[in-house]
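Residue strings, one per chain:
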Amino acid sequence: MDVQGTVDPGFEPVRDAFTRNFDQRGERGAAVAVYRDGRKVIDLWAGTRDVDGTALWAVDTAQVVRSVTKGVAAAVPLLLHQRGQLDLDAPVGTYWPEYKAAGKERTLVRHLLAHRAGVPVLDAPLPPADALDVGRDFERAAAAVAAQAPAWEPGTDHGYHAHTYSWLLAALVRRVTGRPIGRWVAEEVARPLGLDLWLGLPQDEAHRVGRVGRLAEPPASATGGLVLRPKRAVAEAYGDERSLTRRAFAVIDPAPDENDPAYRAAGLPGSGGIATARALARFYASLIGPVDGHRLFAPATLAVARTEESAGPDRVLVVGTRFGLGYMLHGSASPLLGPGSFGHPGRGGSLAFADPESGVALGYVTNGMRKGVTADPRAQALIRAVRRSLG
């Protein structure tokens, strides 16, 4: 595999692991970038731009990153809180009056961010036209979530809001700022930091984005010790059409085509972001320290983001998960670099996170999607290599 890019001395194990992902784990096209203490130390890419094509991945190739998007979107309410525009302990209905319905009156803003709102499912799944209604800033979907009765009393338990997270955050941010969340990210985050990152892909950038698709599962010898066979409870949850698990991932029915220009233009803030690995690493680096003079999170906001809010058996994912405010935290379901790491995986492979203790921020983007939600062997191999590089 002809790997392109640069690696600073000492980080060669990451290049080796990245190469092995192609040689042993079936990778088709991918990129990885790492910042340390605000400086880029790894920037690699290889393979094909499209999972089903032959054109080579280029220096500026971007991809749909699925739920990695949640970590970008979560920064918006936290930055609004940092600026004094949003109270994390206020009822959601303070900003979004229509949300005070069907037993959700006591739902707090922090409950939305920590997957404790109790609305991971909708009684009536949304057709793609309503779910992706970017022209109305997702108002049809937001109205459906506002009217939905919670599956549990908000604040008392947690369960992954796989798709409804998009409309919860979009509606909240629009009502606080008057701007769509995708525009807010473009103007307040991506532009100042120079990020190739979009929640809503501009038409003039569409030529840079590759096609994503499914990959066959890797051989057992290439999983790095990870057990890919789901536990019986997890398999049963995904197989039961009535389970919260199955319903949470089927909120949009039929499932939209992630390669469709309409899907990419919509920029769902929970699953539809498009980015380069370089942009994701730079974004997370700016959450934990200055990057070329720009820092997003003040120390107090950083502490809030990675303070545990939810832990234990996840009512949607079934396995034990840990969440701060908008971010997955290091744990058995989603191993990151260390106990203080925070970030977000994307179902199927991609990952981005930061580890303040080591000063490391990592972005990994792939066009080859697999079944796993939180701990893809390719991403885990890269994390282990970073750990070895740090000594």
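Reference entry: report on the structure contained in this document. Model, not experiment: these values are computed from the prediction.

Calculation rules
Residues numbered from 1 in each chain as written. Predicted model: local features only at pLDDT ≥ 70, side-chain atom pairs only at ≥ 80, totals over all residues. Heavy atoms only, no water. Core = buried A, V, L, I, M, F, W, Y, C linked by side-chain atoms within 4.5 Å. Buried < 20%, exposed > 50% of the residue type's maximum accessible area, 1.4 Å probe, protein only. Pairing = 2+ DSSP bridges. Helix = DSSP H or I, 4+ residues; strand = E, 2+ residues; numbered from the N terminus. Expected span 1.5 Å × (residues − 1). Axes fitted to C-alpha atoms, helices over the stretch in contact; angles between N-to-C directions. Parallel < 35°, antiparallel > 145°, perpendicular 65-115°, else oblique. Left-handed = near helix turned anticlockwise from the far one by under 90°. Contact = heavy atoms within 4.5 Å. Nonpolar A, V, L, I, M, F, W, Y, C, P; charged D, E, K, R; others polar. Phe/Tyr/Trp six-rings, centres within 6.5 Å; stacked < 30°, edge-to-face > 60°.

**Brief notes about the nonpolar core**
Core analysis: the largest hydrophobic core is formed by 80 residues, its most contacted members being Tyr99, Trp167, Phe283, Phe297 and Tyr327. Residues Ala30, Val41, Leu336 and Leu337 belong to the second largest nonpolar core, which totals 25 residues.

**What about the sheet that holds strand S4 (residues 63-64)?**
Taken together, the three strands give an open sheet; going across it, the order is S4-S7-S5, and neighbouring strands pair in antiparallel fashion. Whereas interior strands pair on both sides, the edge strands pair on one side only; in this sheet they are S4 and strand S5 (197-198).

**Concerning helix H13 (residues 377-390)**
Taking 1.5 Å of rise per residue, the 14 residues of H13 would be expected to cover 20 Å, and the 20 Å separating its terminal C-alpha atoms lies within 8% of that figure. Counting buried residues in H13 gives 10 out of 14 residues, a clear majority hidden from the surface. Those residues of H13 that fall on the buried side of the exposure criterion are Pro377, Arg378, Ala379, Gln380, Ala381, Leu382, Ile383, Ala385, Val386 and Ser389. Downstream of H13 by one or two residues, glycine 391 has phi in the positive range, about 75°.

**Observations regarding unusual backbone geometry**
Here the residue pair aspartate 253 and proline 254 is connected by a cis peptide bond, since its omega of 0° sits within 30 degrees of zero. Mapped onto the fold, proline 254 is located in the loop between helix H9 (244-248) and helix H10 (261-266). Even without being a glycine, aspartate 37 presents a positive backbone phi close to 55°. Checked against the element boundaries, aspartate 37 lands in the loop between strand S2 (29-36) and strand S3 (39-47). Residue classification places aspartate 37 among the exposed positions, given a relative accessible area of 61%. Positive phi, close to 65°, is recorded for phenylalanine 138, a residue that is not glycine.

**Thoughts on the packing of helix H2 (residues 68-82) against helix H6 (residues 164-177)**
Between H2 and H6, the shortest axis-to-axis distance is 11 Å and the interhelical angle comes to 30°. Between H2 and H6, the angle falls in the class roughly parallel. Relative to H6, H2 is oriented so that their crossing is left-handed. Along its contact with H2, which presents Lys70, Ala73, Ala74, Val76, Pro77 and Leu80, the element H6 presents Tyr165, Leu169, Val173, Val176 and Thr177. Among the residues making up the contact of H2 with H6, the classes are represented as nine nonpolar, one polar and one charged.

**Some words on the packing of aromatic side chains**
Evaluation of the coordinates by the stated rule reveals eight aromatic pairs. Ring centres 6.2 Å apart and planes at 75° place the aromatic pair tyrosine 284 and tyrosine 327 in the edge-to-face group. You can see tyrosine 284 sitting in helix H11 (residues 277-288) and its partner tyrosine 327 sitting in the loop between strand S9 (320-323) and strand S10 (328-329), a full 43 residues away along the chain. Overall, the relative accessible area of 0% leaves tyrosine 284 in the buried class. For tyrosine 327, a relative accessible area of 0% translates into the label buried.

**Description of the side chain of threonine 321**
Along the chain, threonine 321 turns up in strand S9. By relative accessible area, threonine 321 is classed as buried at 3%. Discounting residues that sit within four places of it in the chain, threonine 321 has contacts with His158, Ser310, Ala311, Gly312, Asp314 and Ala333.

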